[in-house]
Amino acid sequence: MRAWQVHEPGEPVDVLRLERVADPAPGPGRITVRVLAAAVSFPDVLLCRGLYQIKPAMPFTPGLEVCGEVLETGEDVTWPAVGDRVVGLSALPHGGFAEHTVMEARSALPAPEALDDPAAAAFYISYQTGWFGLHRRARLRAGETLLVHAAAGGVGSAAVQLGKAAGATVIGVAGGPDKVKIARGLGADVVVDRHQEDFTEVVAEVTAGRGADVVYDPVGGTAFSGSARCMAFEGRLVVVGFASGVVPRPSLSGALIDNYTIHGLHWGLYARRDRPGIRRAHEELTALAARGAVSPLVGERLRLADVADGLQRLVDGTAGGRAVMLPD
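This report concerns the structure included in the present document. (Residues numbered from 1 in each chain as written. Predicted model: local features only at pLDDT ≥ 70, side-chain atom pairs only at ≥ 80, totals over all residues. Heavy atoms only, no water.)

## Side note on the packing of helix α2 (residues 42-49) against helix α12 (residues 307-316)
Right, on to step 1. At a minimum axis separation of 10 Å, α2 and α12 run at an interaxial angle of 105°. Considering their axes alone, α2 and α12 lie roughly perpendicular with respect to each other. Along its contact with α2, which presents Phe42, Asp44, Val45, Cys48 and Arg49, the element α12 presents Leu311, Leu314 and Val315.
Right, on to step 2. Within the contact of α2 with α12, the residues separate by chemical class into 6 nonpolar, no polar and 2 charged. (Axes fitted to C-alpha atoms, helices over the stretch in contact; angles between N-to-C directions. Helix = DSSP H or I, 4+ residues; strand = E, 2+ residues; numbered from the N terminus. Parallel < 35°, antiparallel > 145°, perpendicular 65-115°, else oblique. Contact = heavy atoms within 4.5 Å. Nonpolar A, V, L, I, M, F, W, Y, C, P; charged D, E, K, R; others polar.)

Encoded structure:
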């Protein structure tokens, strides 16, 4: 089969090679899956750079989020069955940027029937992360104000839709008119072009000076420091990631004086420590997808040969929504 391989760490466009490799075998507790679609995500960039928390032996194939059809099951696998359509995480070093991949059977979940293959591939991590961030960590309530950074990106777009589904007023922050249009189309009540406006001033205006009840921040850097200045009383600031490349140093005196809390969100810990919680969230998210309340924003559909360029566009910040690879 064909698969993208990383032999040494570096920028995706420099180190990814499309090669012929042996078809993977499932092994005990695992399944082999024909890749129907694989989402392109920032953790894949970090994997290529050698900076992700998981460091597979080289060479390896990146591509964490997959929608696929089960081809073979290993020992001790009672579900899923051959032929089932599933979503889940690939088991590195056999990532999803290939024609076939491997998953841990216990991490596979039924693909939502309401979503096609590209949308289903982009559904798993972004919406799970959004659900745990907004509902488990921040306890978002109807009527509250939610501020979402990178609102036109994969993770941010999921948070916008989930916030609206929860009955919140959503303020999205995006970069440039095209991304502003995307965020508005996702349902954000107010969208701020960070290149043209100060989002802290917009939050103050929209909330009559009260501030944001919940902030969802996958960016870090100045997005975090600005958010800390516009938190409502007993607000909750959810740290999702650092796409800006800058890990902020929070002012704990500010959290004390203004009575807000900072919540870290590492969704992977739930995947390891609370599988029942993951399944419950998937059931709720699947129900939301079935009634059209959420639908992943697939910004670009790539062929297998285009994966390296697609990852580089993600690095450059020119992509809107999720890019998804569909094997030829």
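Back to the write-up after that little detour.
## Section: the environment of threonine 207
Right, on to step 1. Tracing the backbone shows threonine 207 in the loop between α7 (199-206) and β11 (212-217).
Right, on to step 2. Given the relative accessible area of 9%, threonine 207 is considered buried.
Right, on to step 3. Counting along the chain gives 39 residues from threonine 207 to alanine 168, while the straight-line C-alpha distance between them is 12 Å. (Buried < 20%, exposed > 50% of the residue type's maximum accessible area, 1.4 Å probe, protein only.)

## Some remarks on unusual backbone geometry
Right, on to step 1. A cis amide bond links methionine 58 to the next residue, proline 59, at an omega of 0°.
Right, on to step 2. The amide bond that connects tryptophan 79 to the next residue, proline 80, takes the cis arrangement and shows omega of 0°.
Right, on to step 3. With respect to the helices, strands and loops of the structure, proline 80 is situated in the loop between β4 (65-73) and β5 (85-89).
Right, on to step 4. The backbone of glutamate 234 sits at a positive phi, close to 60°, despite the residue not being glycine.
Right, on to step 5. We classify glutamate 234 as partly exposed; its relative accessible area is 49%.
Right, on to step 6. Backbone geometry at asparagine 259 places phi at a positive 60°, although glycine is not the residue there.
Right, on to step 7. Residue asparagine 259 is classed as partly exposed on the basis of its relative accessible area, which comes to 37%.

## Observations regarding the packing of helix α4 (residues 124-137) against helix α5 (residues 154-165)
Right, on to step 1. Running from amino to carboxyl end, α4 crosses α5 at an angle of 55°, the nearest separation of the two axes being 8 Å. Classified by the angle their axes make, α4 and α5 are oblique. The handedness of the crossing between α4 and α5 comes out as right-handed. Of α5, the residues touching α4 (which contributes Ser126, Tyr127, Gly130, Trp131 and Leu134) are Gly154, Val155, Ala158, Ala159, Gln161, Leu162 and Gly163. (Left-handed = near helix turned anticlockwise from the far one by under 90°.)

## A short note on the packing of aromatic side chains
Right, on to step 1. Per the stated rule, a full pass over the model turns up 4 aromatic pairs.
Right, on to step 2. Ring centres of phenylalanine 123 and tyrosine 127 lie 5.2 Å apart, and the angle between their planes is 25°; on these two criteria the pair is classed as stacked.
Right, on to step 3. The exposure class assigned to tyrosine 127 is buried, which follows from its relative accessible area of 2%.
Right, on to step 4. Members of the aromatic cluster, joined through ring pairs, are Trp131, Phe132 and Tyr270. (Phe/Tyr/Trp six-rings, centres within 6.5 Å; stacked < 30°, edge-to-face > 60°.)

## What to know about a negative patch on the surface
Right, on to step 1. On the surface, Glu197, Asp198, Glu201 and Glu205 cluster together into a patch of negative charge.
Right, on to step 2. Mapping glutamate 201 onto the fold places it in helix α7.
Right, on to step 3. According to the relative accessible area criterion, glutamate 201 is exposed, its value standing at 57%. (Patch = residues over 30% accessible without salt bridge, like charges linked within 9 Å, V, L, I, M, F, W, Y side chains within 5 Å. Areas by Shrake-Rupley, 256 points an atom, 1.4 Å probe, with all protein chains shown as cover. Salt bridge = Lys/Arg side-chain N within 4 Å of Asp/Glu carboxyl O. Lys, Arg positive; Asp, Glu negative; His and termini not counted. Charge placed at Lys NZ, Arg CZ, Asp CG, Glu CD.)

## Description of the pattern of salt bridges
A pair can form between side chains of opposite charge whenever their charged atoms are brought close.
Right, on to step 1. As enumerated under the stated definition, the model contains 13 salt bridges in all.
Right, on to step 2. Between aspartate 117 and arginine 85 there is a salt bridge; the shortest N-O distance is 2.8 Å. Of the two residues, aspartate 117 is situated in helix α3 (residues 117-121) and arginine 85 in strand β5; the sequence distance between them amounts to 32 residues.
Right, on to step 3. Among the residues examined, aspartate 117 registers a relative accessible area of 24% and is labelled partly exposed.
Right, on to step 4. The class for arginine 85 is partly exposed, based on a relative accessible area of 27%.
Right, on to step 5. The residue glutamate 144 makes a salt bridge to arginine 236 at a minimum N-O spacing of 2.7 Å. Remark: arginine 236 occurs in strand β12 (residues 231-239) and glutamate 144 occurs in the loop between α4 and β8 (145-148); sequence separation between them is 92 residues. Arginine 236 shares its class with glutamate 144; the two are buried.
Right, on to step 6. Sharing partners across several salt bridges, the network here consists of Arg141, Glu144 and Arg236.

## Quick look at the nonpolar core
Right, on to step 1. Counting residues in each nonpolar core, the largest one holds 53 residues, and the members touching the most others are Phe132, Leu134, Leu146 and Val148.
Right, on to step 2. Non-local contacts of leucine 134, meaning those with residues more than four positions away in its chain, are made with Arg139, Leu140, Leu146, Ala159, Leu162, Gly163, Val214 and Tyr216. (Core = buried A, V, L, I, M, F, W, Y, C linked by side-chain atoms within 4.5 Å.)

## Comments concerning α7
Right, on to step 1. Within the span of α7, buried status applies to Phe199, Thr200, Val202 and Val203. The buried residues of α7 occupy one face: seen down the axis, they fall within an arc of 160°. α7 presents Glu201 and Glu205 as exposed residues on the side facing more than 90 degrees away from its buried surface.
Right, on to step 2. Residues of α7 that are buried make contact with β8, β9 (169-174), β10 (190-193), β11 and α8 (222-228).
Right, on to step 3. After α7 finishes, the residue alanine 208 shows a positive phi value of roughly 55°. (Arc of directions from axis to C-beta.)

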